[in-house]
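Tertiary structure, described
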Amino acid sequence: MSEPQAFEDLLLAIVAPILDALKVFERSSRYLGPSTMETVRNQLLDTRRGLRDASANLDESIWPPAAVPIRDAVSAAYGHALRSLERLAEADGSANDLMPLYRALGARAPMCEAIYPLAQHFSLVHRFFLDHEKQEVPRLSQASTAEPVGFSGVHHIANDRKQRGGYSIYVPESFDPARRYPVVFALHGGSGHGSSFLWSWIRTCRTEELVLVSPTSVGGTWAIMGEDLDTPNLLQMLESMARLVQIDETKLLLTGMSDGGTFTYVSGCTASSPFTHLAPCSASFHPMLIEMMAKDRLRDLPICITHGALDWMFTVDIAQTAEYSFNAAGANVFYREIADLAHTYPEDANPELVKWFLNTNASG
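Presented here is an overview of the structure given in this document. Note that this is a predicted model, so its numbers are computed, not measured.

Some remarks on empty space enclosed by the protein
Counted under the stated rule, the structure contains three cavities of 30 Å³ or more. The volume enclosed by the largest cavity comes to roughly 60 Å³. Forming the boundary of the largest cavity are Met-37, Glu-38, Arg-41, Leu-88, Ala-91, Asp-92, Gly-93, Ala-95, Asp-97, Pro-100 and Leu-101. Within the residue set of the lining of the largest cavity, elements represented by two or more residues are α2 (37-46) and α5 (99-105).

Re the pairing of strand β7 (residues 302-308)
For β7, a buried count of seven out of seven residues is recorded, marking the element as mostly surrounded by other parts of the structure. Judged by which residues are buried, β7 turns out to be covered on both faces: Pro-302, Cys-304, Thr-306 and Gly-308 on one side and Ile-303, Ile-305 and His-307 on the other are all buried. With two bridges connecting them, strand β6 (residues 277-281) and β7 associate as parallel partners. The partner of Cys-281 across the bridge, within β7, is Thr-306.

Details of the layout of surface pockets
Taken as a whole, the largest pocket spans an internal volume of roughly 1,200 Å³. In terms of lining, the largest pocket is formed by 37 residues, of which the most central are Tyr-102, Gly-106, Gly-192, His-193 and Ser-196. Looking at the lining of the largest pocket, the elements with two or more residues in it are α1 (3-31), α5, α6 (108-115) and α8 (194-197). Per-class residue counts for the lining of the largest pocket are 13 nonpolar, 16 polar and eight charged. Taken as a whole, the second largest pocket encloses approximately 600 Å³ of empty space. Taken together, 28 residues line the second largest pocket, and the ones lying closest to its centre are Lys-23, Glu-26, Phe-128, His-132 and Arg-203. Elements supplying a minimum of two residues to the lining of the second largest pocket: α1, α7 (123-128), α9 (202-208) and α15 (350-359).

The rules behind these values
- Residues numbered from 1 in each chain as written.
- Predicted model: local features only at pLDDT ≥ 70, side-chain atom pairs only at ≥ 80, totals over all residues.
- Heavy atoms only, no water.
- 1 Å grid on protein atoms, 1.4 Å probe; cavity = no way out; pocket = protein on both sides within 12 Å on 5 of 7 lines; lining within 4 Å.
- Points joined across faces, edges and corners; volume = space filled by probe spheres on them.
- Helix = DSSP H or I, 4+ residues; strand = E, 2+ residues; numbered from the N terminus.
- Buried < 20%, exposed > 50% of the residue type's maximum accessible area, 1.4 Å probe, protein only.
- Pairing = 2+ DSSP bridges.
- Nonpolar A, V, L, I, M, F, W, Y, C, P; charged D, E, K, R; others polar.

Treat this as a map of the structure, not an account of what it does.
In structure tokens, the structure reads:
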């Protein structure tokens, strides 16, 4: 066997299991709820043996000096996965407590962070970070070997996991300084963090060549009540992005999950909001909110409301009320009720959301 072929086989053997584990983490997050706790826990723990074996193979393999950074990146991903699963195994699986599962699933973000740089060089990883239905599109079918241009790729701005009020961004690796880019602002749920929620959107933004901004709330969650410190922070982020890339001001999407979805309503419906499209997901809503919103702003405003029929935190009738209320106020509402979705973010629904975003004209 030739040396290049041997190295390619080695790479496949150690990268494929971590990608398979990431799929399990993603699927588990997609369906997590009180009624699925045991199933999700078992699915996650079932991945440990394969990860342990692959990790041992990684440590025992001989790597060419030039490939050591690849080994280190994949090793870091395995470390995040195995540590999270060991902690989950140690937790009391009989307790009716979702938190150990949420903590375990939190490993997905650092796993993605570790291996994402390999997407520029290896087709297996490149395809993983694309929307499934567009993996065969000619411009996306092969990983680019070109060096990233300008401020492209994933970056974190004052957004370490222990920091609040910063943001994480993704700028397409195909960045063209002369092009105007649509922008997605994606707001995490309560107690979440922008550096983690970024990975809920990376596939679709990478596939469609969109700029992605994933902010972190100033406080423990978004300013749904009391003084609004978050809206000025979002506007400052938008201004900062405009200095880095040319922004298409007719295509600015504000979207969010749970508390982030509720804040999408609160902030995005103000008269001065620059966002052209709103897309709350699994959000809370009360009809009284409409009374505090700018009436002219709501007229013909494109709003995509997404909610799970199995949502156990904010029941689906809340979203149905929101759809009725915004339609009555004159907004242009696209309503999506997902039959098998609990109180989690449906990443697989992002392609449809972005298609709506790019093809629906904003008011004014």
